[in-house]
Amino acid sequence: MLIWENVRLALGSLRENKMRSLLTMLGIIIGIGSVIAIMTVSSSLTTSITDTFAEMGANNITVGLKQQSEESETRRNGMKFGTSNRSISLEEEDRLTDEMVAQVKKEYSTEVDEIALEESFGNGAVKSGGNTANISLMGINTGYFAANDLTLLAGRYLTDADVKGKKGVAMVSDKVVENIYDGNIDAALNQKINIEIDSVYYSFYITGVYQYDEEADSFSSDSEEDVTTAAYIPITTGKGRLHTDAGYERFTIVTNSSVENVTDFAENVEQYMNRKYYRGNEDYQVSTTTMSTMTTSMKDMIGTVSFAIALIAGISLLVGGIGVMNIMLVSITERTREIGTRKALGAKNSSIRLQFIIEAVTLCLIGGMLGIVLGFALGAVAAFLLGYAATAPMGAIIGSVAFSMVIGVFFGYYPANKAAKMNPIEALRYE
C-alpha cells in the first residue's frame, strides 16, 4: 500500500512541474527511442531476409567443389577455406558426375526429394526481325523446378523426356515475349527462336513462358526493355550443342520434411562424397552450404551491427540518467521542509528513501514508455521507406522497460539516500 501511495505522490509531483519533468525525461526518451528504432529496423530486416531465404529454399543444400589448400579452415557453416595462394584450373576429371548425383540420391533416398542440376552456357540474345531480347542461356534438369520458385504463365515446364531426349526446347520469360511477340504469349508458344551465343545461332522451340521476378533481380541496372532474363533448356541439350565439359561444378539437393537439421545432413553428405569420390584428389574437395546457415550468418551479422549502433545510441541514456539525478537533487532541495516535517512525525529513513526512489523510477518509466512509442514509430517509418514490414522487437521493448527501472533506481538512489539522512531539525529550519 505504501508503494502505491508513493507512486501517487510521484505522479502528483510530476504534474506540478510538467515542463521540468518533460525536459528531464527527454534524455530517457531519446535514448530509448533511438534503441527501439534501430532494433525495429534490424528486426524488420532480419524477418524480411529470413522470409526471402525461405522462399529460395530453406531446405536446399548446395553441393559444390572447392579448391584444396595446404592449410584449410572449416567454418561453422561447413564451408572450407584455405590459406594457400595457388591457382588450379578445374579439369573435367575433377567435376561432379551423373554417377555421383545418382549415388547420392540412392544413398539418401529417404531424405532427398530431388536433385537440381543447372549450368550457364553464356549470355546472348533472341533476335527476330528488328526485335531483340537479352537472355542468359541456362541448362537445367526437372529437379530445378523443385529447388526454385518459377511461375508458369503458359505452356509447360521442361520434362524428363526433354532432358533424356536432348530436345531443342526452351522456356522463356514474359520479358522475351514482350520484346519479340509484343506480349502475345499464345503467339509465342511452339514458335522457333534463334538464340545468338558468341556469334553462333542455336534454334529452340518455345515450350513454356514463365513470369520474370523483378524483385529477385532488383540490383539490375538495365532498362525494362534491355533486362537479361534466363532462357531454360534441357541441360543435356546445352552440353551437346555447345560442347561443354562433362560433369558439373555444383548441384542442389532438395531435402524433405524428414530432415530435422539441414546443416547436419549437409555435413554428412559432404563427408560421404569426400570419402567416396575425392579422397585421392589433391586439388579439389566437396563442400556444402545451406540456406539456413546463410540465413544464420546474415542474421548474426545484422544483429552484431545493430547491437553496436544501439549501444552507441544508448549512451544518451547515461546522459538522461544524470539528468534524472540532477533534477532529483533539485527536488529534494525544494522539499527540504517537507522531508523535515515527515521525519519529525516519525517517518523512517527507509520510507523517505523509498519515496524518492519511486519518484525517480516513475519518471524514468514514463520517459521509457514514451521512448518506446517514439522509437517504434520512427522504426516503422524507416522500415516502410526501406520496403520492409515493421516488426516489433519485443525483447528490446521489455529490456527497455526494465532498463528504465534500473536507471531510476541507480540514479535515484543517491538523491533519495541524501534525503533519508537529513537531520529533521536542520530540515525544518531550512528556508
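Heads up: these notes are all about the structure in this document. (Residues numbered from 1 in each chain as written. Predicted model: local features only at pLDDT ≥ 70, side-chain atom pairs only at ≥ 80, totals over all residues. Heavy atoms only, no water.)

### Let's talk about the nonpolar core
- Leu 137, Ile 195, Phe 251, Ile 253 and Met 273 are the most contacted members of the largest nonpolar core, which totals 49 residues.
- With 6 residues, the single largest contributor to this core is helix H9 (residues 262–276).
- The contacts of Met 273, once residues within four sequence positions are left out, are Val 63, Leu 96, Met 100, Val 104, Phe 251, Tyr 278 and Val 286.
- Counting 28 residues, the second-largest nonpolar core is a separate cluster that includes Leu 14, Ile 36, Ala 360 and Ile 397. (Core = buried A, V, L, I, M, F, W, Y, C linked by side-chain atoms within 4.5 Å. Buried < 20%, exposed > 50% of the residue type's maximum accessible area, 1.4 Å probe, protein only. Helix = DSSP H or I, 4+ residues; strand = E, 2+ residues; numbered from the N terminus. Contact = heavy atoms within 4.5 Å.)

### As for the packing of aromatic side chains
- Using the criterion set out here, one finds 6 aromatic pairs in the structure.
- Ring centres of Tyr 108 and Tyr 272 lie 5.7 Å apart, and the angle between their planes is 85 degrees; this geometry places the pair in the edge-to-face category. Residue Tyr 108 is found in the loop between helix H3 (98–107) and strand S4 (112–116), and its partner Tyr 272 is found in helix H9; the two are separated by 164 residues along the sequence. Both residues of the pair, Tyr 108 and Tyr 272, count as buried.
- Ring centres of Phe 145 and Tyr 157 lie 4.8 Å apart, and the angle between their planes is 55 degrees; on these two criteria the pair is classed as tilted. Remark: Tyr 157 occurs in the loop between strand S7 (152–155) and helix H5 (160–164) and Phe 145 occurs in helix H4 (residues 144–147); sequence separation between them is 12 residues.
- For Phe 145, a relative accessible area of 18% gives the class buried. (Phe/Tyr/Trp six-rings, centres within 6.5 Å; stacked < 30°, edge-to-face > 60°.)

### Some words on a nonpolar patch on the surface
- A cluster of nonpolar side chains, Met 19, Leu 22, Leu 23, Leu 26 and Ile 30, forms an exposed patch at the surface whose accessible area comes to about 480 Å².
- Tracing the chain through its elements places Leu 22 in helix H2 (residues 18–57).
- Residue Leu 22 is classed as partly exposed on the basis of its relative accessible area of 39%. (Patch = residues over 30% accessible without salt bridge, like charges linked within 9 Å, V, L, I, M, F, W, Y side chains within 5 Å. Areas by Shrake-Rupley, 256 points an atom, 1.4 Å probe, with all protein chains shown as cover. Salt bridge = Lys/Arg side-chain N within 4 Å of Asp/Glu carboxyl O.)

### Some remarks on the pairing of strand S8 (residues 169–173)
- Burial within S8 is extensive, with 5 of its 5 residues counted as buried.
- Side-chain alternation along S8 places Val 169, Met 171 and Ser 173 on one buried face and Ala 170 and Val 172 on a second face that is also buried.
- Where S8 and strand S10 (residues 200–210) come together, 5 bridges link them in parallel fashion. Within S10, the residue paired with Val 172 across the bridge is Val 209. (Pairing = 2+ DSSP bridges.)

### Some words on the environment of Ala 402
- If you trace the backbone, Ala 402 turns up in helix H14 (residues 394–420).
- Relative accessible area serves as the criterion here: at 40%, Ala 402 is assigned to the partly exposed category.
- The spacing of Ala 402 and Leu 365 is 37 residues in sequence and 8.6 Å in space, taken between C-alpha atoms.

### A word on the sheet that holds strand S13 (residues 284–290)
- An order of S4-S12-S1-S13 is seen for the 4 strands of this open sheet, with the pairing classed as antiparallel. Either end of the sheet is taken by a strand with one partner, and the two such strands are S4 and S13. Neighbour-to-neighbour, the strand axes of this sheet turn through a mean angle of 25 degrees, independent of strand direction.
- Where strand S1 (residues 60–67) lies against strand S12 (residues 250–255), 5 bridges are found, and the strand directions are antiparallel. Each residue of the ladder has a partner; that of Ile 61, found in S12, is Ile 253.
- Across the sheet, H3 is in contact with S4 and S12; its angle to S4 comes to roughly 165 degrees.
- Sitting on the sheet, H9 touches S1, S4, S12 and S13, and the angle it makes with S13 is about 170 degrees. (Axes fitted to C-alpha atoms, helices over the stretch in contact; angles between N-to-C directions.)

### A word on the environment of Ser 350
- Within the fold, Ser 350 resides in helix H13 (residues 349–386).
- When its relative accessible area of 42% is taken as the criterion, Ser 350 is described as partly exposed.
- In this structure the C-alpha to C-alpha distance between Ser 350 and Lys 421, which are 71 residues apart in sequence, comes to 9.6 Å.

### Structural notes on the packing of helix H11 (residues 315–334) against H13
- Following both chains from N to C, one finds H11 and H13 inclined at 135 degrees, their axes separated by 11 Å at the closest point. Regarding the angle of H11 to H13, the classification is oblique. Judged by the twist between their axes, the crossing of H11 over H13 is right-handed. Here Val 324, Ile 327, Met 328, Ser 331 and Ile 332 of H11 lie close against H13, whose contacting residues are Phe 356, Glu 359, Ala 360, Leu 363 and Cys 364.
- For the contact of H11 with H13, the class distribution of residues is 8 nonpolar, 1 polar and 1 charged. (Parallel < 35°, antiparallel > 145°, perpendicular 65-115°, else oblique. Left-handed = near helix turned anticlockwise from the far one by under 90°. Nonpolar A, V, L, I, M, F, W, Y, C, P; charged D, E, K, R; others polar.)

### A closer look at unusual backbone geometry
- If you check the backbone angles, Lys 166 has positive phi at about 50 degrees while not being a glycine.
- When you line up the elements, Lys 166 lands in the loop between H5 and S8.
- Classification of Lys 166 by relative accessible area gives exposed; the value is 53%.
- Although it is not a glycine, Asp 182 adopts a positive phi angle of roughly 55 degrees.
- You can see Asp 182 is positioned in the loop between helix H6 (174–181) and helix H7 (185–188).
- Among the residues examined, Asp 182 registers a relative accessible area of 71% and is labelled exposed.

### Description of a negative patch on the surface
- Together, Glu 91, Glu 92, Glu 93 and Asp 245 line one region of the surface with negative charge.
- For Asp 245, a relative accessible area of 37% puts it in the partly exposed group. (Lys, Arg positive; Asp, Glu negative; His and termini not counted. Charge placed at Lys NZ, Arg CZ, Asp CG, Glu CD.)

### With respect to the pattern of salt bridges
- Per the stated rule, a full pass over the model turns up 7 salt bridges.
- Here Lys 127 ties to Glu 196 by a salt bridge, and the two come within 2.8 Å at their closest N and O atoms. Here the residue Lys 127 occupies a position in strand S5 (residues 118–128), and Glu 196 occupies one in strand S9 (residues 192–197), the gap between them amounting to 69 residues.
- Among the residues examined, Glu 196 registers a relative accessible area of 18% and is labelled buried.
- A salt bridge links Arg 250 to Glu 249; the nearest nitrogen and oxygen atoms lie 3.9 Å apart.
- Here Arg 250 falls in the partly exposed class, since its relative accessible area comes to 43%.
- Linked by salt bridges that have partners in common, Arg 95, Glu 119, Lys 239, Glu 249 and Arg 250 make up one network.

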